Amino acid sequence: IYTNLPLLEDRPSINHCGSCNTCIDICPTKAIVAPYTLDARKCIAYLTIENRDGIPISLREAIGNRIFGCDDCQLFCPWTKFSDQTKEKDFSPRHQLNASDLLTLFEWSESQFLENTMGSPIRRAGYRGWLRNLAIALGNSPYNSKVVKALEKKKQAFLDTDDMLVEHITWAIEKQLK
């Protein structure tokens, strides 16, 4: 941050962790490799939000049904129980995204994605990343013939235009059919 405003200095943080390794143990992709050390290349938040390329096959099952970040390390941290839920409306779920099923989200067109994520950080992933992430989540879900049909339809739509997306959708179809 570049600014000419006077800023108050933060107090140094206190190490509350002690011998707790919950975040290391709970991380689905083992991205936390040691206390205070994160391998961002394995972090679900990085992979599903900032990464614009393919997600390594070796990490896809561990991603589970997460389509935008993870936060398991924060959810399971014993110190998180001392924090309060924000009352800031900008952080509340919009457009019922927290109650939508994966298949419905996957079937959105790009214009629906843009409309339904307006003003949301989900836009950081972009439509292409959104579909990639949803394909992985659908591949990790229990077999459903409707899911397979939707994956095959979306695969055809991108067959000649997006190799990365087609590869992820193909993986999801194969995983569904196993």
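A brief structural summary. (Residues numbered from 1 in each chain as written. Predicted model: local features only at pLDDT ≥ 70, side-chain atom pairs only at ≥ 80, totals over all residues. Heavy atoms only, no water.)

### Some points on the nonpolar core
So, point 1. Leu-105, Phe-106, Trp-130, Leu-131, Leu-151 and Ile-169 are the most contacted members of the largest nonpolar core, which totals 31 residues.
So, point 2. Counting residues per element, the ones that place at least two in this core are helix 2 (44–50), helix 3 (57–63), helix 5 (102–106), helix 7 (126–139), helix 8 (145–158) and helix 9 (163–177).
So, point 3. Among the elements that line this core, the one with the most residues is helix 7, at eight residues.
So, point 4. Apart from the residues lying within four places of it in its own chain, the contact partners of Phe-106 are Leu-131, Leu-134, Ala-135, Leu-138, Ala-150, Leu-151, Lys-154 and Ile-169.
So, point 5. Of all hydrophobic cores here, the second largest spans five residues; its members include Cys-27, Ala-31, Ile-32 and Cys-43. (Core = buried A, V, L, I, M, F, W, Y, C linked by side-chain atoms within 4.5 Å. Buried < 20%, exposed > 50% of the residue type's maximum accessible area, 1.4 Å probe, protein only. Helix = DSSP H or I, 4+ residues; strand = E, 2+ residues; numbered from the N terminus. Contact = heavy atoms within 4.5 Å.)

### Things to note about the side chain of Gln-176
So, point 1. Mapped onto the elements, Gln-176 comes out in helix 9.
So, point 2. A distance of 2.8 Å separates a polar side-chain atom of Gln-176 from the backbone oxygen of Ser-141.
So, point 3. When near neighbours in sequence (up to four residues on either side) are disregarded, Gln-176 contacts Leu-138, Gly-139, Ser-141, Pro-142, Tyr-143, Asn-144, Val-147, Val-148 and Leu-151. (Polar contact = N/O pair within 3.5 Å; in protein donor to acceptor, adjacent residues only side chain to side chain.)

### Here's the deal with the packing of helix 8 against helix 9
So, point 1. Where helix 8 meets helix 9, the axes come as close as 9 Å, and the angle between the chain directions of the two elements is 160°. What the angle tells us is that helix 8 and helix 9 run roughly antiparallel. Helix-helix and strand crossings are classified by hand; for helix 8 and helix 9 the assignment is left-handed. Contacts from Val-147, Val-148, Leu-151, Glu-152, Lys-154, Lys-155 and Phe-158 in helix 8 reach Leu-165, Val-166, Ile-169, Thr-170, Ala-172, Ile-173, Gln-176 and Leu-177 in helix 9.
So, point 2. Tallied by class, residues from the contact of helix 8 with helix 9 come to 10 nonpolar, two polar and three charged. (Axes fitted to C-alpha atoms, helices over the stretch in contact; angles between N-to-C directions. Parallel < 35°, antiparallel > 145°, perpendicular 65-115°, else oblique. Left-handed = near helix turned anticlockwise from the far one by under 90°. Nonpolar A, V, L, I, M, F, W, Y, C, P; charged D, E, K, R; others polar.)

Everything listed here is a matter of coordinates, which is why it stays silent on function.
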